[in-house]
Amino acid sequence: MTAPTDRNSAFSADEPPFPDADVFDGMSLLKPEEQEALQAIRRHMQDQVRDQIIDYWNREAFPFEMLPELADLGLGEIAVAERSWLFRGLAYAEVARADVSLSTLAGIHNELIIGMIAQLGSDTHRAQWLDKLRRFEAIGCFAMTEPDHGSDIAGGISTTATKTAAGWRLDGTKRWIGAGTFADFALVWAKDTADGRIKGFLVPMDRPGITAKKIHHKTGLRVMQNADITFDKVEIQQADLLPGAIEFSAANQLLRNSRVWVGWQAYGAQLHAFDVARDYALSRQQFGQPLAKFQLIQQELAEMISNAMATFGLMYHVARLQQENRVQMVHAAMAKSTGSRLLRETAARARNILGGNGIVSTYEAAKIFNDAEVIHTYEGTYEINSLIVARAVTGVSAFV
Ligand SMILES: Cc1cc2nc3c(=O)[nH]c(=O)nc-3n(C[C@H](O)[C@H](O)[C@H](O)COP(=O)(O)OP(=O)(O)OC[C@H]3O[C@@H](n4cnc5c(N)ncnc54)[C@H](O)[C@@H]3O)c2cc1C
């Protein structure tokens, strides 16, 4: 009986066929310079991040010291770089393949923070923040969800913005806000008490009246620091209103793109689950043979890689629609719901292949299993995204 190490590199000298698990050769669909950039991201995440991040996950800590290198790889500016949508998605997937929290940071940072400032902000907002954001020298958080309103947030926002002589006053509480404990500013969605419309504000986190409290004891996404943020009579300036965000529909395009990003996370996390399970099955011996020799284990591995490739096929077509400017919410919702459904199954199979070690987070399978639950729930839950798909194909809404 061989006792396997905590993890064997997915890209070791003793490589199995398809060592990077790219069975559909997705890499070849990119331009040569994008292939090079993606390889650099993959190498860095596998060699410099994947092993180290487990300790942060176990301690609920954030690796601030890793940010400069992630910036060097261009991960702080994917949303504004001249790259294809396919590259953008595959880059998120390669980050998720090492750690879902870091890909959450990259996704929110690019799709929601940079996206919102670039598209809906003022020239002053762009001049003040974009360069720093591109280098991860500034971090923003996206504050939409509230304690009493999650799935029904669009119609239920209770945080208020009241016009004052100097600007606006914000009152209310936001929940689950990623990077909320250390962000430089929050993009806050609040209801204008005068016209009842939902508006977006860029609020520096050092304003008096703001309290951010870390949510402890999460069982998933433990590297990301999520916070409950309270706004108690917070005075902000008129210039803090994002001029393009004067009603909730302004968020639609951003939320659509961020749902696509979560579909790519589901792809990357499935590759990670497959990497871990295949390595383990090839090295762990029972009954005098590697686990990979048993037909039932082979079936599990076949279903895992097939789930991952099915997700890739779906995401590839969504990226094509994005490239042609034809993507709609139904595509994004399908990407998010289907990717997260397949991920849940793939992650559970990885956990099973590791037997008892599958519940020890240093072997990675348990970490992936728990992070998969967050992918299932955030950016619109699995159910809400399924309802969006069903509404699109029946013409009947079952939720609003
Ligand atoms: C780790 C983590 C990070 C997050 N980061 C952020 C962030 O940075 N910024 C931010 O604004 N938000 C963030 N969120 C919030 C996230 O988007 C919400 O958790 C999500 O929208 C679901 O809301 P809820 O948790 O209140 O669940 P609820 O809305 O209370 O839902 C509970 C259950 O009921 C189901 N349900 C609800 N309504 C219906 C319906 N009509 N039909 C069928 N089923 C229904 C849901 O699918 C779910 O299974 C984060 C959440 C988590 C867990």
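The rules behind the values
- Residues numbered from 1 in each chain as written.
- Predicted model: local features only at pLDDT ≥ 70, side-chain atom pairs only at ≥ 80, totals over all residues.
- Heavy atoms only, no water.
- Near = heavy atom within 4 Å.
- Polar contact = N/O pair within 3.5 Å; in protein donor to acceptor, adjacent residues only side chain to side chain.
- Areas by Shrake-Rupley, 256 points an atom, 1.4 Å probe, with all protein chains shown as cover.
- Helix = DSSP H or I, 4+ residues; strand = E, 2+ residues; numbered from the N terminus.
- Nonpolar A, V, L, I, M, F, W, Y, C, P; charged D, E, K, R; others polar.
- Salt bridge = Lys/Arg side-chain N within 4 Å of Asp/Glu carboxyl O.
- Buried < 20%, exposed > 50% of the residue type's maximum accessible area, 1.4 Å probe, protein only.
- Phe/Tyr/Trp six-rings, centres within 6.5 Å; stacked < 30°, edge-to-face > 60°.
- Lys NZ or Arg CZ within 6 Å of the ring centre and 35° of its normal.

What about the site of the ligand?
Phase 1 of the analysis: Lining the immediate surroundings of the ligand are 20 residues, of which Phe142, Thr145, Ser151, Thr381 and Glu383 lie closest.
Phase 2 of the analysis: A distance of 2.6 Å separates an oxygen atom of the ligand from a polar side-chain atom of Ser151.
Phase 3 of the analysis: For the ligand, an oxygen atom lies 2.7 Å from a polar atom in the side chain of Thr381.
Phase 4 of the analysis: When the ligand sits alone it has 970 Å² of accessible area, and the protein chains cover 66% of it.
Phase 5 of the analysis: Of all the secondary structure elements, the ones that give two or more residues to the shell around the ligand are β3 (167–178), α10 (365–377) and α11 (382–394).
Phase 6 of the analysis: Here the residues of the shell around the ligand sort into 11 nonpolar, seven polar and two charged.

What about the pattern of salt bridges?
Phase 1 of the analysis: If you walk through the whole model with that rule in mind, you get 25 salt bridges.
Phase 2 of the analysis: Measuring nitrogen to oxygen at the nearest pair gives 2.9 Å for the salt bridge that ties Arg50 to Glu364. Placement of Arg50 in helix α1 (residues 32–59) and of Glu364 in the loop between α9 (329–353) and α10 is noted, with a sequence separation of 314 residues between them. You'll find Arg50 and Glu364 in the same group, each marked buried.
Phase 3 of the analysis: For Arg135, the salt bridge is made with Asp72, and the minimal N-O distance between the two is 3.2 Å. A residue pair is termed long-range when its members are at least 10 positions apart, and Arg135 in the loop between α5 (123–134) and β1 (140–143) and Asp72 in helix α2 (residues 67–72) qualify at 63 residues.
Phase 4 of the analysis: The class for Asp72 is exposed, based on a relative accessible area of 57%.
Phase 5 of the analysis: Among the charged side chains, a salt-bridge network with shared partners connects Asp20, Arg42, Glu94, Arg97 and Asp275.

Topic: the packing of aromatic side chains
Phase 1 of the analysis: By the definition in use, this model includes 13 aromatic pairs.
Phase 2 of the analysis: A centroid spacing of 6.0 Å and a plane angle of 70 degrees characterise the contact between Trp264 and Tyr267, whose relative ring orientation is edge-to-face. One end of the pair, Trp264, and the other, Tyr267, are both in helix α7 (residues 252–283), three residues apart, so they sit about a helical turn from each other. Here the two residues Trp264 and Tyr267 agree in accessibility, since each one is buried.
Phase 3 of the analysis: In this structure an aromatic cluster arises from ring pairing among Trp264, Tyr267, Phe312 and Tyr316.
Phase 4 of the analysis: Stacked on the ring of Trp129, the Lys or Arg Lys132 has its end atom at 5.6 Å from the ring centre.

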